[in-house]
Amino acid sequence: MSSRDAMLAKIRRNRPEGPALPDIHAVPFVTFDDKFAAFAGLIRNLGGEAVMLAEGQTVAEVVARRWPNPGRVVDLTLMQHAEAFTPHDWQDVDIAIVPGDLAVAENAAVWISHPDNIFRSLYFLTEKLVMVVPRDKLVDTMRDAYGQIAIREHGFGAFIAGSSRTADIEQSLVMGAHGAMAALVIFC
Amino acid sequence: MKPENLYHPDAAREFLADGARARWHDQAIWFVRQKRDAQAQQLPEWEELRKLAEQIKAHTLSRLDEYLVQFEENARHNGVTVHFAADAAEHNRIVHQLLAARQVKKLVKSKSMLTEECGLNPYLEERGIEVIDTDLGERIVQLRHEPPSHIVMPAIHLKKEQISELFHAELGTEAGNNDPTYLTHAARANLRQHFLTADAGLTGVNFAVAETGGVVVCTNEGNADLGTALPPLHIASMGIEKIIPRLEHLGVFTRLLARSAIGSPVTTYTSHFHRARPGGEMHIVVVDNGRSDILGNPDFYASLRCIRCGACMNTCPVYRRSSGHSYSYIIPGPIGSTLGPSRDIRKHGSMAFACTTCGSCSNVCPVKINLHEQLILQRKRAFDAGTLKPAKKMGLLAMRFLTRHPALLDTAGKAMRKVVPILPAFVKDGTAWSRPGRELPEMPEHSFKELYRRRQEDKQ
Ligand code: SF4
């Protein structure tokens, strides 16, 4: 018998009784009167910042005001963007502007997933990550978020909350462990 | 790897010899526990969430074989290869074969307690493959050639001065520069070169979703992401218990994990891997290594609900004062103290006694594992298996004898209350109760029973 079949047979033999699956929607979860305020307040502690785009303002303007000397910028929200041949091509990107499908008020996370998976490394190699989310795509909790995302379709997706960080040295919080050193979420 | 025959009381005594460091360790970890409490208080549904998580996991264990098959089918449908490994040796063999067939010279690894459990690093290194742990804390302990002391904060036992010295020697950082930001960024620059030049990436798995055939990995650093987006080969290693039935259940577990673990509302990156990057391939190794035995044990199978948040160790008064290195199993603290003895009672029996039975671990556990009750049962097994040192065994036998003979217990208690206060200091100093930093308590004049009886009489 293969390891697989032997393992499954043994698990089957040993498995205990258990309850039925609970209905996770039967329980009321927290809601926020002002989802943007909750999101923006949280992300500050997570090494990020959130802004609401003003009338007539563009994403490019917000980014330029925040980082006047941008360096290499890759903007995936545009139809036309730089070509990559290997995932390593993004190693010198300073600012990546990427579309986010939705944002979560309870933890300041943004769901990022792109049909062209060659861009996957960009989110983590860039120095600064800008996530652009439609303002009506702000939900209360992760439960609502998972109700809205189609996870399999692109092969990879991530919730990203703020910037890469670590506290592995004496519990001191340091921004910029391996991924982006700064994160900016723009609701448009 | 942990040293053989580690005996918790001895190893803890060694750790406590440096009082200042022990106090610091206790406080640093208690701070994380407090952050966890603050997060829990912010969600009115916290207790409901724990209940849902418990039920989902308990249900999954009751159909584990079915969910594993469903997971395998869906993963295959996504173009991912699933392998099954009965034990550590098979896991290591599978990983090595995958790497060898693709001439992998360098593997970047994201924190995975499972590969630590399997002893993967030395296995691969003996076969000429360079293994780089990429989680900062994990990298630190790798460079020091020691095991992690905590499952979420692997280097929590170290002071920044020690890390500064290590990085000076290993990475050429400035001598005496102890600034955590400076040190972290030096490690970042060094590890980025490894990410860019690695031929394969290996990650652990936080959750595996049967319904979609994908795995979820949670990190704050983004190391799992760089390690899988750059090299062409991604191997994910998971224990059989990581399965959850549906995608929507992530809406329960991702809310509990980081809050319980580090007191943060979520990890920076909660990444969902369902296919390899373009031009790459993805493999998942599903590992048993003793888990199905625990599954068949009615006293202990609930320990398989664990999501490895570490909250139980952060709250444990014994863990905080003895550090992860004093536990003989690779996973320390309350959860390790039931998992370890479940695997090998002879080797890990002493861990079951590293517990005050205060129950704090069971109270914080996001999947409501009855940890302290399991530890009591593990003690019984340790006793029955004859793993106790003679003094401890005699003490327990005497206690059992006394508790079965109440009149004798009363007399013994009375004698103790009379005799201990007049004992000369040198006799008292020799007991387990009067090590440096702790003294025998003052003996009360009356026993609890006497006080209770008097109160009842007063009431009448
Ligand atoms: S036993 Fe519970 S508290 Fe401890 S690590 Fe596992 S899930 Fe967390």
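Scroll up for the structure.
**Focus: the site of the ligand**
Phase 1: In the vicinity of the ligand lie 13 residues, with B:Cys306, B:Cys309, B:Gly310, B:Cys312 and B:Cys365 positioned nearest.
Phase 2: Along the lines of polarity and charge, the residues of the shell around the ligand split into 11 nonpolar, 1 polar and 1 charged.

**A word on the pairing of strand β6 (residues 214-219) of chain B**
Residue and element names in this part refer to chain B.
Phase 1: A large share of β6 lies buried, amounting to 6 of its 6 residues.
Phase 2: Because side chains alternate across β6, one face comprises the buried residues Gly 214, Val 216 and Cys 218, and the other comprises Val 215, Val 217 and Thr 219, equally buried.
Phase 3: Pairing of strand β5 (residues 207-209) with β6, which is carried by 3 bridges, proceeds in the antiparallel orientation. Looking across to β6, one finds that Val 209 is bridged to Gly 214.
Phase 4: What sits between the antiparallel neighbours β5 and β6 is a turn of 4 residues, in which Gly 213 has the positive phi angle 70°.

**Points about the sheet that holds strand β11 (residues 182-187) of chain A**
Residue and element names in this part refer to chain A.
Phase 1: One open sheet holds the 5 strands; their spatial order is β1-β11-β6-β3-β2, and the pairing between them is parallel. Whereas interior strands pair on both sides, the edge strands pair on one side only; in this sheet they are β1 (48-52) and β2 (73-75). Here the strands of the sheet are splayed against their neighbours by 15° on average, with no regard to which way each runs.
Phase 2: With 6 bridges connecting them, strand β6 (residues 128-133) and β11 associate as parallel partners. Looking across to β11, one finds that Leu 129 is bridged to Ala 183.
Phase 3: Lying over the sheet, helix α2 (residues 35-45) contacts β1 and β11, oriented at roughly 155° with respect to β1.
Phase 4: Helix α3 (residues 59-66) contacts β1, β3 (95-99), β6 and β11 of the sheet and is inclined by roughly 150° relative to β11.

**As for the interface of chain A and chain B**
Phase 1: At the junction of the two partners, chain A supplies 72 residues and chain B supplies 100 residues.
Phase 2: Summed over both sides, the interface of chain A with chain B buries roughly 7200 Å², with 61% coming from carbon and sulfur.
Phase 3: In this assembly, chain A and chain B are joined by 9 salt bridges.
Phase 4: Looking at the side of chain A that touches chain B element by element, the count peaks at 8 residues for helix α1 (residues 3-14) of chain A.
Phase 5: Grouping the amino acids of the side of chain A that touches chain B by side-chain chemistry returns 35 nonpolar, 22 polar and 15 charged.
Phase 6: As defined by bridge partners, strand β8 (residues 156-160) of chain A adjoins strand β9 (residues 269-273) of chain B across 5 bridges and the pair is classed as antiparallel. In the sheet register, A:Ile160 faces β9(B), and the bridge partner there is B:Tyr269.

**Looking at the pairing of strand β5 (residues 109-112) of chain A**
All names here are of chain A.
Phase 1: Neither face of β5 is left uncovered, since the one carrying Ala 109 and Trp 111 and the one carrying Val 110 and Ile 112 both have all their residues buried.
Phase 2: The pairing of strand β4 (residues 102-104) with β5 spans 3 bridges and is antiparallel. For Leu 102, the partnering residue across the bridge sits in β5 and is Trp 111.
Phase 3: In this structure, the hairpin formed by β4 and β5 is closed by a connection of 4 residues, where Ala 108 is found at a positive phi of approximately 60°.

**Thoughts on the sheet that holds β4(A)**
Phase 1: Taken in spatial order, the 8 strands make up an open sheet running β7(A)-β4(A)-β5(A)-β8(A)-β9(B)-β6(B)-β5(B)-β8(B), and their pairing is mixed. Strands at the two margins of the open sheet, each flanked by one partner only, are β7 (138-139) of chain A together with β8 (243-244) of chain B.
Phase 2: Sheet topology places β4(A) next to β7(A); 2 bridges connect them, and they run parallel. For A:Ala103, the partnering residue across the bridge sits in β7(A) and is A:Leu138.

Criteria and cut-off values
- The residue numbering used here restarts from 1 in each chain and proceeds along that chain's sequence as written.
- Whichever chain is written first becomes A and whichever ligand is written first becomes 1, with later ones labelled in order.
- Selection of residues for local features in this predicted model requires a pLDDT of at least 70, selection of side-chain atom pairs for listing and counting requires 80 or more, and totals for whole chains, interfaces and linings are taken over all residues.
- Heavy atoms from the whole structure form the basis of all side-chain values; hydrogens and water molecules are not counted.
- Only heavy atoms are used to decide nearness, and a residue is near a molecule or strand if one of them lies within 4 Å of it.
- Residue polarity follows a fixed list, in which Ala, Val, Leu, Ile, Met, Phe, Trp, Tyr, Cys and Pro are nonpolar, Asp, Glu, Lys and Arg are charged, and the others, Gly among them, are polar.
- Note on classification: 1.4 Å probe, protein chains only; a residue is buried when its accessible area is under 20% of the maximum for its type, exposed when over 50%, partly exposed between these limits.
- The way it works is that DSSP assigns letters per residue, a run of H or I at least four long becomes a helix, a run of E at least two long becomes a strand, and they are numbered from the N terminus.
- Here a strand pair is declared whenever DSSP counts at least two bridges between the two strands.
- For helices, the fitted line uses only the C-alpha atoms of the stretch in contact; every axis is such a line through C-alpha atoms, and the angle between N-to-C directions lies from 0 to 180 degrees.
- It only takes one pair of heavy atoms within 4.5 Å for two residues to be counted as in contact.
- The term buried area means the drop in 1.4 Å probe accessible area that two parts suffer when joined, counted for both and summed.
- Salt bridges are defined as contacts in which a side-chain nitrogen from Lys or Arg sits within 4 Å of a carboxyl oxygen from Asp or Glu.

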